Amino acid sequence: MIAYRRLGRDELARVGEIDRTERIDALYVQTGAELERVEGNFSAAPWHAGGHGGHSVAHQVDECMRWLDAGGVALGAFEGDRLVGIGIVLPHLRPGIAQLAYLHVTDGFRDQGIGRRLSDELDTLARDAGDTTMVVSATPSIHTVEFYRRRGYAPTSSPLPELYELEPEDVHLEKRL
């Protein structure tokens, strides 16, 4: 049984419980609103327990805290006491536009509806805050992009410059709420 609830800032260090390991044999490269499939070994290893680089637990915690400090809301999915999924929405990134800023489900728990439930609840939070559009900068793996497409997102030919600048290799998607 998976339980869902809001996460407080003091709980964000628990993001280290998420195992982002994923075998990735293909990804998308975005040109405008078009996606091109590229084959290769792009697999993702777990976040590094030490250090502060971009793939470290410390960096993930810092990013989550930054979004909450900017007005974001974090939701967690728990199996018992273990955090198995986390999502963060940042309402009003721009007038009427929210950002699905962060969504991870731990290895072994993907494709069981956890990401869908988190995404649905984050959509509701953004909609209730008055936003009409949600944007996301997605890891370009086929699995991740197709997850978002099934949730109603479509690639955008004009991503928000501030998001594109941070993640130029991501696939930039948006949807109406």
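Reading the values: rules and limits
Residues numbered from 1 in each chain as written. Predicted model: local features only at pLDDT ≥ 70, side-chain atom pairs only at ≥ 80, totals over all residues. Heavy atoms only, no water. Helix = DSSP H or I, 4+ residues; strand = E, 2+ residues; numbered from the N terminus. Polar contact = N/O pair within 3.5 Å; in protein donor to acceptor, adjacent residues only side chain to side chain. Contact = heavy atoms within 4.5 Å. Core = buried A, V, L, I, M, F, W, Y, C linked by side-chain atoms within 4.5 Å. Buried < 20%, exposed > 50% of the residue type's maximum accessible area, 1.4 Å probe, protein only. Pairing = 2+ DSSP bridges. Expected span 1.5 Å × (residues − 1). Arc of directions from axis to C-beta.

Caption draft 1: Spatial organisation of the environment of Glu63. Mapping Glu63 onto the fold places it in helix H1 (residues 57-69). For the pair Glu63 and Leu12, spaced 51 residues apart in the sequence, the C-alpha separation amounts to 9.7 Å. A distance of 2.6 Å separates polar atoms of two side chains, one belonging to Glu63 and the other to Arg66.

Caption draft 2: Looking closely at the side chain of Asp123. Summarising the element assignment, Asp123 is placed in helix H2 (residues 114-128). With near-sequence residues (within four places) excluded, Asp123 lies in contact with Met134, Tyr153, Lys175 and Leu177.

Caption draft 3: Summary view of the nonpolar core. In this structure, Val89, Leu100, Ile114, Met134, Tyr148, Tyr153 and Leu173 are the most contacted members of the largest nonpolar core, which totals 27 residues. Sorting the residues of this core by element identifies strand E2 (26-31), strand E4 (73-79), strand E5 (82-94), strand E6 (97-105), H2, strand E7 (133-138), helix H3 (142-150) and strand E9 (171-176) as the ones contributing at least two each. The element that contributes the greatest number of residues to this core is H2, accounting for five residues. When neighbours within four sequence positions are excluded, Leu173 is seen to be in contact with Met134, Val135, Val136, Ala138, Tyr148, Arg149, Tyr153, Ala154, Pro155 and Thr156.

Caption draft 4: Structural detail: the pairing of E4. In terms of residue burial, E4 counts as a mostly covered element, since six of its seven residues are buried. Relative to E4, strand E1 (residues 2-7) runs antiparallel, the two being bridged by six bridges. Bridged to Ile2 within E4 is Glu79. Where E4 and E5 come together, seven bridges link them in antiparallel fashion. Paired with Leu75 across the strands is Gly87, a residue of E5. Between the end of E4 and the start of E5, which pair antiparallel, lie two residues, with Gly80 showing a positive phi angle near 65°.

Caption draft 5: Expanded view of H3. Among all positions in H3, only Ile142, Thr144, Val145, Phe147 and Tyr148 are buried. Looking at the buried positions of H3, the neighbouring elements they touch are E2, strand E3 (34-39), E6, H2, E7 and E9. Among the residues trailing H3, Gly152 stands out with phi positive, at a value near 100°.

Caption draft 6: Region of the structure containing the sheet that holds E6. The strand order E1-E4-E5-E6-E7-E9-E8 describes an open sheet built from seven strands, whose pairing is mixed. Each end of this open sheet is capped by a strand with a single partner; those strands are E1 and strand E8 (154-155).

Caption draft 7: A look at H2. Here H2 spans 21 Å end to end across 15 residues, near enough to the 21 Å set by a 1.5 Å rise per residue. Residues of H2 that are buried include every one of Ile114, Gly115, Leu118, Ser119, Leu122, Asp123, Leu125 and Ala126, and no others. All buried residues of H2 lie within an arc of 165° about the axis, which places them on one face of the element. Immediately downstream of H2, the backbone of Gly130 shows phi near 105°, a positive value.

Caption draft 8: Here's a closer look at the environment of Val57. Looking at the element boundaries, Val57 is found in helix H1. Residue Val57 is classed as buried on the basis of its relative accessible area, which comes to 18%. With 39 residues separating them along the chain, Val57 and Ile18 place their C-alpha atoms 9.3 Å apart. Discounting chain neighbours no more than four positions away, the residues touching Val57 are Val15, Gly16, Trp47, His48 and Ala49.

No statement about biological role is implied by the geometric values presented.
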